[in-house]
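Chain by chain, the residues:
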Amino acid sequence: MPADSASSLKMPSAPVLAASPVEAAWLTEDGELETVRLLDRRAPQAVAKLIRERPPILCHGPSVARRIRIDPFPAFDLLELFAFVYPARFCIPTPAGLAQELGLPPPATVEDAPAVLYRCLTRILSDLKDKVHGPDVPRIAMAMARAGWPWGPSVLAALGQEQDDGLRAPTSGLDVWKRLPEWREQAPPPPPGDRPVQPDEARFRLASLLGDGAEERRAQSDYASAVCHAFAPRDHEGAPNFVMAEAGTGVGKTLGYIAPASIWAEKNEAPIWLSTYTRNLQQQIDEELSRLVPDPRLKSERVVIRKGRENYICLLNYEEAARTVAVNRAGAIPLGLIARWISATRGGDMTGGDFPSWLSDILGMRATLGLTDRRGECIYSACSHFSRCFIEHGIRRARRADLVVANHALVMVQAARGGVDPAGRVNRFVFDEGHHVFDAADGAFSAHLSGLETAELRRWLRGAETQGRGRARGLKTRIEDLATEGPAREALDDILAAAASLPSEGWRQRVTEGRPAGPAEALLSRIRQQVYARARGADGPYDLEVETGGPVPGLLEAAGDLHEALNRILLPAKRLAKALAARMDEESEELDTATRSRIEAAVRSLEHRCLATVQAWMDMLVALGEGTPDAFVDWFAVSRTDGRDIDIGMYRHWVDPMIPFSDVVAKPAHGVLITSATLTDGSGDVDADWYSAEARTGAVHLDYPAMRVRVSSPFDYPEQTRVLIVNDVRKDSLEQVAGAYRELFRASGGGALGLFTAISRLRAVYDRIVQPLEEDGLPLYAQHIDNLNLTSLTEIFRSEEDSSLLGTDAMRDGVDVPGRSLRLLVFDRVPWPRPTILHKSRRGVFGGKNYDDAVTRLRLKQAFGRLVRRADDRGVFVMLDSMMPTRLLGAFPDGVSVERVGLAEAVAATRAFLAPSDLKENREQS
């Protein structure tokens, strides 16, 4: 192995392993390189034998195991070491990505990777040894080493420490919460002003954000000027200044709306919420805001990222997990890495923040994201960590910030619960990725009476009921000291007793076997009976759904029984909320601020997690006998994975979810900007396009018309792109479809994104093309196949210019990859809407076949928009479905060449169009 500076470090005596889907490379301790062709049927067993004898050094163990086609195994994972030494720092989880992050040359082949990984190891340990550390680092390392962390001896040696006898407290070193800064309450900020933003002000601010010498972008400046209407004072109650702004890719709409939004916030001393649909765009907006506030310290005060509580580390959950180390020492390994991250994180965000997403792949969801408050079990000021809590700190910073970067779901949920800010200081919103507002509202305002949801409510009320099955804190644990006697205590006891009627552990098996326990499980059993009796494809692996009409015998009776049981939860819950609220009034002179805040939080939790949910379920049950109100659509469904029942239930959605969105979000606001590159679908009728967009954004439900803004993309799409519709590939033949993907990916030299409408087709194509592409030096990655989360997959795809990625249709606008890393996009089929019961209802309201076409055009438009992100990008869009109708072609920009060709022509055209310019020049000269 390479000697370099390793002689001064304590290196583990272990081989180094790297793998592609077709080959594994094994560097022994003596420096000998061995390779194994993984396509040999006996190869996985041979590699597994080597691994059992000597656990190797590698990068991302779960992914390596998947490529070798064996179960995960013990190893020295360099990503664990990286996360320890460089907490809150991301690297792409591949040998090349790790090397690049450490400033080392990346490997050119799989055979080169083991030596490069060894150099990475040397660099990481050298950095650890040379850096000055506080007392926490060796203490955490010691706790992890005592638990058997493979890297423990090497890390302790680099820190100049010797492993102790393990007699000190098991949690020593993991109690990182004790050293976090505390926040302090401040006087309430003043009410917001109402001074407008003038167009000239917005243009000037935009110019300052872009900086001296920046290329003048007239379209961006026009956009910033036009959207100022959303930041003007409104003239009528319930009538916001509503702006719909479509800005083509490349306009620079993010800085375009940041300019007027930041001015309004400064002028009026109140926050503006900038909302987006995806975590990735939240991060991108945050990066753009560094132009506005370059100083990180000042930026932390003026800019805040907000997400739901379930996205942040819960320090109480972490502490409780750390205390279990006394009986489960192995738990100190993941907790030690989490402790290192907690000490370095900017805001405690574990999903899309500075938490390395690949740690969840390596350590497991329970040990990472399982530490968040996913179930709304926060005990607020009763928590010993309340004054250090990342979530509470973020909430308080957001009240005084200029700009809050949130997501659509949080905005809608908070608005439904009485407003994103109880003080009423937030009255203007910007919704980026505005084409997703409809979907976000659909999720936020729906109700699901299912096995998982009802079991979750039982858990929220009663806590963990089986010893050793989790740390869930029930309602009694959370508020018992607030309801110690009288009506409040009686109501609490009644709620907990009534909650026993909800599904308990093992409900799914009992319902499947026809032996339900309790009224909720009895209804679920009848629902399952009706679904399996009437749904098509009941013997297949996919989800099933049927209408609620004509219930099977016994279903209405079961619904009535559950209605009564839910009422026995609802009535005491109302009494409890009333008693707690009364205590704030009766003891107003005695209650300290923390207790008052905690009672208010408990009442809000009861109202939204229990009262509103239970009332919605009861309304749904009544509708089974009386009929569903026209505004809603109800159905029964069984959710399945690989043919196994995962959930069973009754579902209710608004036919038009923009009705509640308009009522609880838009109308109370003073200004709303909804912006996207794809607000209109391109039917060819401009007025019809805008009316359709107004329906999807809720503008049709306002008393005054919305302002329409359209700024065209500056890109030369006819020159930079091609659209090819392949007409001689049978889409029902997986062999032909796989062959088309293989040859198109070869023609582009990688840099390809393949989109599928079904996971089964994705997997089948992957299995057929991964070997030939890898042998051509074209790495292939795939969603639902590689043991890598989507964030990591996207980062790998972005960084490896000649790699390709297969994903489901859901990825069509969730991947932002500028440059040559994405130069070809291939759809296996036209992405028509799924013919669900919900879609059928909406189709009848929103225009029938025209609605189908509009939805599909928008999906195509969003996917096409991935291809060109910069002025020098070039891209080819290929549809393998010969049945794509001409009326959908409006999804593509005017002037773009759309050709219906055979596969051979498509391959040749792709190769010619995407060939690098130097190759084209050579061909022309020859």
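Residues numbered from 1 in each chain as written. Predicted model: local features only at pLDDT ≥ 70, side-chain atom pairs only at ≥ 80, totals over all residues. Heavy atoms only, no water.

1. Quick look at the overall build of the protein chain
Part 1: Check the secondary structure of the protein chain and you find 35 helices and 23 strands.
Part 2: The C-alpha radius of gyration of the protein chain comes to 29 Å, within 12% of the 29 Å expected for a compact globule of 926 residues.
Part 3: With the principal axes as the frame, the protein chain shows a C-alpha extent of 85 × 75 × 65 Å.
Part 4: Each of the 926 residues in the protein chain was classed as buried or not, and the buried ones make up 56%.
Part 5: Contacts in the protein chain between residues far apart in sequence, at least 24 positions, make up 74% of those at least 6 positions apart. (Helix = DSSP H or I, 4+ residues; strand = E, 2+ residues; numbered from the N terminus. Rg over C-alpha atoms; globule rule 2.2 N^0.38 Å. Buried < 20%, exposed > 50% of the residue type's maximum accessible area, 1.4 Å probe, protein only. Contact = heavy atoms within 4.5 Å.)

2. Some thoughts on unusual backbone geometry
Part 1: Phi angles above zero are rare outside glycine, and His60 is one such case at about 65 degrees.
Part 2: Relative to the elements of secondary structure, His60 occurs in the loop between strand E4 (57–58) and helix H2 (61–68).
Part 3: Despite not being glycine, Glu269 shows a phi value in the positive range, around 50 degrees.
Part 4: Relative to the helices and strands, Glu269 is located in the loop between helix H10 (253–268) and strand E7 (272–276).

3. Observations concerning the side chain of His60
Part 1: Residue classification places His60 among the buried positions, given a relative accessible area of 0%.
Part 2: A distance of 3.1 Å separates the side chain of His60 from the side chain of Asp361, its partner in a polar contact.
Part 3: With residues up to four places along the chain from it excluded, the contact list for His60 reads Asp77, Leu79, Pro93, Trp358, Asp361, Ile362, Asn787 and Leu788. (Polar contact = N/O pair within 3.5 Å; in protein donor to acceptor, adjacent residues only side chain to side chain.)

4. Thoughts on the side chain of Arg67
Part 1: Among the structural elements, Arg67 can be located in helix H2.
Part 2: Lacking a salt bridge, the buried Arg67 has Asp786 as its closest oppositely charged neighbour, with an N-O distance of 4.3 Å.
Part 3: With sequence-adjacent residues up to four places away left out, Arg67 is seen in contact with Ala19, Ser20, Pro21, Leu38, Tyr781 and Asp786. (Lys, Arg positive; Asp, Glu negative; His and termini not counted. Salt bridge = Lys/Arg side-chain N within 4 Å of Asp/Glu carboxyl O.)

5. Considering the pairing of strand E13 (residues 632–641)
Part 1: Counting buried residues along E13, 7 of its 10 residues qualify, which places the element largely inside the surrounding structure.
Part 2: Bridge count between strand E12 (residues 544–546) and E13: 3 bridges; the pairing is antiparallel. Considered in E13, the bridge of Leu544 is made with Val638.
Part 3: Across 10 bridges, E13 lies against strand E14 (residues 644–654) in antiparallel orientation. Its bridge partner lying in E14, Arg640 is registered against Asp645. (Pairing = 2+ DSSP bridges.)

6. Let's talk about the pattern of salt bridges
When charged atoms on two side chains of opposite charge get close, those side chains can pair.
Part 1: Under the counting rule described, the total for this entry stands at 66 salt bridges.
Part 2: Measuring nitrogen to oxygen at the nearest pair gives 2.8 Å for the salt bridge that ties Arg179 to Asp136. One end of the pair, Arg179, is in the loop between helix H7 (152–158) and helix H8 (199–210); the other, Asp136, is in helix H6 (residues 136–146), and 43 residues separate them in sequence.
Part 3: Given the relative accessible area of 39%, Arg179 is considered partly exposed.
Part 4: For Glu735, the salt bridge identified is with Arg768, shortest N-O distance 3.0 Å. With Glu735 in helix H29 (residues 734–748) and Arg768 in helix H30 (residues 759–775), this residue pair connects regions lying 33 residues apart in the sequence.
Part 5: Residue Glu735 is classed as exposed on the basis of its relative accessible area, which comes to 54%.
Part 6: Overlapping salt bridges bring together Asp136, Arg139, Asp175, Lys178 and Arg179 as one network.

7. Notes on the sheet that holds strand E15 (residues 671–676)
Part 1: Here we have 7 strands laid out as an open sheet, ordered E8-E9-E7-E10-E15-E6-E16, and parallel in their pairing. The two strands at the open ends of the sheet, each matched to only one other strand, are strand E8 (303–305) and strand E16 (707–711). Strand after strand, the sheet turns through a mean of 20 degrees between neighbouring axes, direction not considered.
Part 2: Of the strands in this sheet, strand E6 (241–247), E15 and E16 are in contact with helix H9 (residues 218–226), which crosses E16 at around 170 degrees. (Axes fitted to C-alpha atoms, helices over the stretch in contact; angles between N-to-C directions.)

8. Points about the packing of H29 against helix H34 (residues 903–914)
Part 1: Axis separation between H29 and H34 bottoms out at 8 Å; the angle between their running directions is 20 degrees. Between H29 and H34, the angle falls in the class roughly parallel. Of the two possible hands of crossing, H29 and H34 adopt the one that is right-handed. Only Leu903, Ala906, Val907, Thr910, Arg911 and Leu914 of H34 make contact with H29, whose side of the interface consists of Ala740, Glu743, Leu744, Ala747 and Ser748.
Part 2: A per-class count over the contact of H29 with H34 returns 7 nonpolar, 2 polar and 2 charged. (Parallel < 35°, antiparallel > 145°, perpendicular 65-115°, else oblique. Left-handed = near helix turned anticlockwise from the far one by under 90°. Nonpolar A, V, L, I, M, F, W, Y, C, P; charged D, E, K, R; others polar.)

9. Some thoughts on the pairing of strand E18 (residues 752–756)
The side chains of a regular strand alternate, first on one face of the sheet and then on the other.
Part 1: The buried fraction of E18 is high, at 5 of 5 residues.
Part 2: Going residue by residue along E18, you find Ala752, Gly754 and Phe756 tucked away on one face and Leu753 and Leu755 tucked away on the opposite face as well.
Part 3: With 5 bridges connecting them, E18 and strand E20 (residues 804–808) associate as parallel partners. In the strand pairing of E20, Leu755 is matched with Gly807.
Part 4: As judged from the 4 bridges shared by E18 and strand E21 (residues 824–827), these two strands associate in the parallel manner. If you follow Gly754 over to E21, its bridge partner there is Val826.

10. Some thoughts on H34
Part 1: Look at H34: 16 Å from first C-alpha to last across 12 residues, which is about the 16 Å you get at 1.5 Å a residue.
Part 2: Considered for burial, the residues of H34 that qualify are Leu903, Ala906, Val907, Thr910, Phe913 and Leu914. When H34 is viewed along its axis, its buried side chains cluster within an angular range of 140 degrees and face the same direction. Facing away from the buried surface of H34 by more than 90 degrees, the exposed residues are Ala904 and Glu905. (Expected span 1.5 Å × (residues − 1). Arc of directions from axis to C-beta.)

11. Some points on the environment of Ile599
Part 1: Mapped onto the secondary structure, Ile599 falls in helix H25 (residues 593–626).
Part 2: The spacing of Ile599 and Ile379 is 220 residues in sequence and 10.0 Å in space, taken between C-alpha atoms.
Part 3: Among residues more than four places away in sequence, those in contact with Ile599 are Leu482, Leu580, Arg583, Met584 and Leu591.

12. What about the sheet that holds E14?
Sheets are built from strands that pair by backbone hydrogen bonding, the pairs being arranged parallel or antiparallel.
Part 1: Ordered by their spatial adjacency, 4 strands build an open sheet running E11-E14-E13-E12, and the pairing between neighbours is antiparallel. One side of each edge strand has no neighbouring strand; the edge strands of this open sheet are strand E11 (447–450) and E12. This sheet shows a mean twist of 25 degrees between the axes of neighbouring strands, independent of strand direction.

13. Some thoughts on the packing of H8 against H9
Part 1: One can describe the packing of H8 onto H9 by two numbers: an axis separation of 8 Å at closest approach and a directional angle of 135 degrees. Comparing the axis directions of H8 and H9 gives the class oblique. In this structure, H8 meets H9 at a crossing whose hand is right-handed. Between H8 and H9, the contacting residues are Pro199, Ala202, Arg203, Leu206 and Leu210 on the first element and Gln220, Ser221, Asp222, Ala224 and Ser225 on the second.
Part 2: Its residues assigned to classes, the contact of H8 with H9 comprises 5 nonpolar, 3 polar and 2 charged.

Read these as geometric descriptors, not functional statements.
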